Amino acid sequence: MTMLLEAEHVKKTYRLGRVDVPVLRGASITVDEGEWVAIVGSSGSGKSTLLHLLGGLDRPDADSGPVRFAGEELNRFGARRENLYRNRDVGFVFQFYHLLPELTVLENAMLPALVGLSRVRWISDRAALRKRAAELLETCGLSHRLGHRPAELSGGERQRVAIARALINKPRVLLADEPTGNLDIHTGGGILDLLAERHAEGLTMVMVTHDAAVAARAQRRVRIVDGRVE
Amino acid sequence: MYAPLLANRYLTSRIIPFIAVAAVALCVALVIVVVSVMSGFLEMVRASGKTMTGDVVISRPITGMPYYQELIKEIEALPEAAAASPIVETFGLLQMQYGTGDGGKQIEMVEVWGIDPASLDRVADYSRKLYWSKPADAALAAMSPDDPLRNPFYHRDADGMRLATADGRPGLVLGIEISPFNRRGRDGAYRTSQAPGAPQDADYFMPNAGKVILTLVPVSEGGSLGGERKRDFTVVNEFQSGLFQIDANRILVSLPVAQEMLRLDAAPMVSRTEFDEDGRPKVIGESPSRATTIVVRARPGVDPVTLRDAVRGAYARFHERISLDKTLPVNPPFPDLVSIETWEERLSDFIGPVEKERELMRTLFSIVYIVCAGLVLAIFWSIVQEKTRDIGILRAVGASRTGVLWIFLRYGLLIGIVGSAIGVLLAWAIIARINDIHTLLGTAAPGWLRVAAWVATAGMLALTVRGTLRASALHVVLWGFGTAAMAVVSAVLLQHEGFLVWDPSVYYFSRIPDSLDWHTAWTTMAGGIVFSVIGASIPAARAADTDPVKSLRYE
């Protein structure tokens, strides 16, 4: 198996007022292509921070070890490559869905594709993009909700839209931060089934959860305690 | 491609951008309305100033220009000139007798124009400036029922054009503001009040042939004063140029009369060294009559500056031709001693301050742009604050800082365009109906409107009570303010008996200028757009700097 993501002794410290709060104290993790890894740990252990560093949403401390994607160091990325990485190479799913309330379900699902699209390409690719987003939403069971706004959806439906949005650009890795944390067991189960289907199709996934039952669905579990991987 | 989509959605799916749009629209409309009225006022002043002077004025004060008839022929031969008219300009004393005895005597220092009515009519539409004349049917229909001009007795066009009475006595036309008993009403019409001690039917000065005495003092070429000359005149009409300074100071008499009183008429020239057999100085020729001023009208499509240059050329040719003719006893003044100006140059002392006043207003009201930028900034700051999470999502899915910046700049641009366009439309609507609005303010509110206002007040009060019962602070505050505002409006309407903001007796023009200054409209619109974008740029930069991790934690 090829290693796709790697964090090597990464450190991250947040400054709260005048106090430095170390969150990651040299955490290391590797994720192979096609693998489904669950990062588990108690609240405040640093698992979400590690996910943000893997996804290029945040940068580690200056004295930290590197984060690599397919052998490339994220730290060496310029602004353009970093944006491209977040847009094309990874897809994010958050606990609170984070859909844009002004956009419809279809538009929310298309958002990452729109971000990477020029006006000219929008004119030429619009129909194909709409079709792809609609198909993706159909596989998520939302074909009847395309024109609805997020406020009109249930929690489970919103998370399905978020998953469709994360997958629209066919990323190599999906990063999910407590994807079922805001859902009941039944709905959460449905979401995990949907993710499992994607994994079965070959998608690499890193999922943060504090729920052992959810973590059990992953192939491998990595536990973080006090900012270090056990 | 996401930037226009989000900018459009933010604009159309929320209320707060409409507040920004309304703020921009009101700012833009305010500037356009004020500057348009000022520009219209300036244009009215300019148009009034131009009245009576034509496009170009040739002037040689006091001693005048001999052979002016030849000069007029030379000028009228120009392809740029349509007509020219001679004038004799001077100052004099006008004695007006209102009542009996010295107590009814009024003496005014006046500017006296000796004119040729027919040629002045061709140059400056003189006949249309005569106030006591038969109005057009359309104008007649719009007149107040008690407007004296409704009475054919007051239609004295012919006397004004003759500058004489029907039986041939010398006549005089007064500026309409000279007589202190002329009263300009709110409708812009003049009526005559009674002078103390005057007979009941006395009507000063029109139309009952009021007598006045004009005193002029001729000045010789050497600069010495001749003996004063007094003459009785009958007031045959009054004129209204539209410019207060002219209407309150100028009187018109016929050119030959003015020439004769000022000794500018044709007269024999005598030798100082030769005498005839009776011992009197020998007559050696005739000194020609003179005019101090010639006003020239341009042909359609010829601008005054072009005409002025052509007239300067014509005067140079005229001067050369007359000077070379040794049979003529006198030479016209050198071209450098004759002033040849466009009407604007001649009136620059008067028009300049009004123009400066307009620019001052434009500059002062430009502060509104800063208010506009400030409002957009404050509203956008709050929008960015509220949209922090959205910005984090966009950054998480790969949007660049520039992309986020552009969303809010585009949003500001949209608000600027929509707000400014609405502002222009609003200003146009106000300007187009400004006189109707003014009339509405000038009349008492109708009964139904007063009742409707109180009904609306009661309705709002009911909604305030409902808000209180439902414990909704927002409804109580909103409807409470609405009730208070509507109660004030209702009370004002109850008391309102009509007031005039634009009093024609003060501003001299009977109508408020009601044409939109499109140049100002476009520049203000552009300013509104630019300052909206400037206002949006700071919150936009803040949005671009948003840390995605922090903003996504914001839940």
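Visitor: Describe in detail the overall build of chain B, supporting the description with residues and values.
Guide: Broken down by element type, chain B carries 21 helices and 15 strands. Burial statistics for chain B: of 555 residues in total, 39% are counted as buried. Of the contacts formed within chain B by residues at least 6 apart in sequence, a portion of 78% connects residues at least 24 apart.

Visitor: Break down the sheet that holds strand β10 (residues 228-229) of chain A for me, citing the residues and quoting the values.
Guide: Strands pair in a sheet through their backbones, by hydrogen bonds, and they do so in one of two ways: parallel or antiparallel. All names here are of chain A. In space, the 6 strands of this open sheet follow the order β6-β7-β8-β3-β9-β10, with mixed pairing throughout. One side of each edge strand has no neighbouring strand; the edge strands of this open sheet are β6 (90-93) and β10. Where strand β9 (residues 220-225) meets β10, 2 bridges bridge the pair, whose relative direction is antiparallel. Residue pairing in the sheet places Ile224 in a bridge with Val229 of β10. Against the sheet, helix α5 (residues 155-167) touches β6 and β7 (173-177), its axis set at about 170° to β6.

Visitor: Any chance you could break down the interface of chain B and chain A for me, citing the residues and the numbers?
Guide: Each partner contributes residues to the interface: chain B has 19 residues there, and chain A has 24 residues. For the side of chain B that touches chain A, the secondary structure elements donating two or more residues are α1 (2-12), α14 (388-396) and α21 (548-553) of chain B. Taken together, the residues of the side of chain B that touches chain A sort by class into 11 nonpolar, 4 polar and 4 charged.

Visitor: Outline the confidence of the model for chain B, listing residues and values.
Guide: Per-chain confidence: chain B averages 85 in pLDDT, with 93% of residues scoring 70 or above. For this predicted complex, the interface confidence score (ipTM) comes to 0.90, while the overall pTM stands at 0.66.

Visitor: Give me unusual backbone geometry: which residues, what numbers.
Guide: In this model, Lys170 of chain A sits at a positive phi of 50°, which is unusual for a non-glycine residue. As for its placement among the helices and strands, Lys170 of chain A is situated in the loop between α5 and β7. Although it is not a glycine, Tyr67 of chain B sits at a positive phi angle of roughly 55°. Along the chain, Tyr67 of chain B falls in the loop between β2 (65-66) and α3 (68-76). With 22 C-beta atoms packed within 10 Å, Tyr67 of chain B lands in the buried category.

Visitor: Can you lay out the pairing of strand β9 (residues 229-239) of chain B for me, pointing to particular residues and giving the numbers?
Guide: Residues and elements named next belong to chain B. Direction of pairing for strand β5 (residues 171-175) relative to β9: parallel, over a ladder of 5 bridges. If you follow Leu174 over to β9, its bridge partner there is Glu238. Strand direction decides the pairing type here: strand β8 (residues 211-216) and β9, joined by 6 bridges, are antiparallel. Bridging across to β9, Val212 finds its partner in Phe233.

Visitor: Let's hear about the environment of Arg172 of chain A: which residues, and what values?
Guide: By the element assignment, Arg172 of chain A lies in the loop between α5 and β7. With 139 residues separating them in the primary sequence, Arg172 of chain A and Glu33 of chain A have C-alpha atoms 8.1 Å apart.

Visitor: How would you summarise the packing of helix α15 (residues 401-432) of chain B against helix α20 (residues 518-544) of chain B if you had to cite specific residues and measurements?
Guide: Residues and elements named next belong to chain B. Across the interface, α15 lies against α20 with an axial gap of 7 Å and an inter-helix angle of 155°. Taken together, the axis directions place α15 and α20 in an arrangement best described as roughly antiparallel. Between α15 and α20 lies a crossing whose hand is right-handed. Classifying every residue of the contact of α15 with α20 gives 21 nonpolar, 9 polar and 1 charged.

Visitor: Residue-level account of the sheet that holds strand β5 (residues 72-73) of chain A, with values.
Guide: All names here are of chain A. Strand order across the open sheet formed by 4 strands is β2-β1-β4-β5, with antiparallel pairing between neighbours. Every interior strand has two partners, whereas the edge strands, β2 (19-32) and β5, have only one. Of the pairings in the sheet, the one linking strand β1 (residues 3-16) to strand β4 (residues 67-69) comprises 3 bridges and is antiparallel in character. What sits directly across from Leu5, in β4, is Phe69. Across the sheet, helix α1 (residues 47-54) is in contact with β1, β2 and β4; its angle to β1 comes to roughly 120°.

Visitor: Describe α1 of chain B, with residues and values.
Guide: Of all the positions in α1 of chain B, only Tyr2, Ala3, Leu6, Ala7 and Tyr10 of chain B are classed as buried. Buried residues of α1 of chain B fall within an arc of 125° about the axis and therefore sit on the same side. Looking at the buried residues of α1 of chain B, the elements they touch are α3 (105-115) of chain A together with α2 (16-50) and α15 of chain B.

Visitor: How would you summarise the nonpolar core if you had to cite specific residues and measurements?
Guide: Counting 130 residues, the largest nonpolar core has Val206 of chain A together with Val376 of chain B as the members making the most contacts within it. Top element by residues in this core is α2 of chain B. It accounts for 14 residues. The contacts of Val376 of chain B, once residues within four sequence positions are left out, are Ala20, Val24, Gly412, Ile415, Ser532, Gly535 and Ala536 of chain B. Core analysis: the second largest hydrophobic core is formed by 66 residues, Val45, Val236, Leu243 and Leu347 of chain B among them.

Visitor: An account of the pairing of strand β15 (residues 339-342) of chain B is requested, with residue identities and associated values reported.
Guide: All names here are of chain B. The alternating pattern of β15 places Ile340 and Thr342 on a buried face and Ser339 and Glu341 on a face that is not buried. As defined by bridge partners, strand β1 (residues 56-59) adjoins β15 across 4 bridges and the pair is classed as antiparallel. Of the residues in β15, the one forming a bridge with Ser59 is Ser339.

Visitor: If you had to explain the environment of Phe94 of chain A to someone new, which residues and values would you point to?
Guide: Among the secondary structure elements, Phe94 of chain A is positioned in the loop between β6 and α3. According to the C-beta neighbour criterion, Phe94 of chain A is buried, with 24 such atoms within 10 Å. Taking the C-alpha atoms as reference points, Phe94 of chain A and Thr180 of chain A, separated by 86 residues in sequence, lie 9.0 Å from one another. Those residues in contact with Phe94 of chain A, other than ones at most four positions away along the chain, are Ala162 and Asp177 of chain A together with Leu552 of chain B.

Visitor: Break down α1 of chain A for me, with residues and values.
Guide: For an α-helix, 3.6 residues make a turn, and residues three or four places apart therefore share a direction. All names here are of chain A. The element α1 is largely enclosed, with a buried count of 8 among its 8 residues. Listed in full, the buried residues belonging to α1 are Lys47, Ser48, Thr49, Leu50, Leu51, His52, Leu53 and Leu54. The first or second residue beyond α1 is Gly56, which carries a positive phi of 75°.

Visitor: How would you summarise the environment of Ser119 of chain B if you had to cite specific residues and measurements?
Guide: All names here are of chain B. Position of Ser119 relative to the elements: it lies in helix α4 (residues 117-124). Its 21 C-beta neighbours within 10 Å are what place Ser119 among the buried residues. When the C-alpha atoms of Ser119 and Val295 are compared, they prove to be 9.6 Å apart, with 176 residues separating the residues in sequence. In contact with Ser119, not counting residues within four places along its chain, are Ala83 and Ser85.

How each quantity is defined
- Residues numbered from 1 in each chain as written.
- Chains lettered and ligands numbered in written order.
- Predicted model: local features only at pLDDT ≥ 70, side-chain atom pairs only at ≥ 80, totals over all residues.
- Helix = DSSP H or I, 4+ residues; strand = E, 2+ residues; numbered from the N terminus.
- Buried ≥ 20, exposed ≤ 12 C-beta atoms within 10 Å, placed from the backbone.
- Contact = placed C-beta atoms within 7 Å.
- Pairing = 2+ DSSP bridges.
- Axes fitted to C-alpha atoms, helices over the stretch in contact; angles between N-to-C directions.
- Nonpolar A, V, L, I, M, F, W, Y, C, P; charged D, E, K, R; others polar.
- pLDDT = per-residue confidence, 0-100.
- Parallel < 35°, antiparallel > 145°, perpendicular 65-115°, else oblique.
- Left-handed = near helix turned anticlockwise from the far one by under 90°.
- Arc of directions from axis to C-beta.
- Core = buried A, V, L, I, M, F, W, Y, C linked by C-beta atoms within 7 Å.

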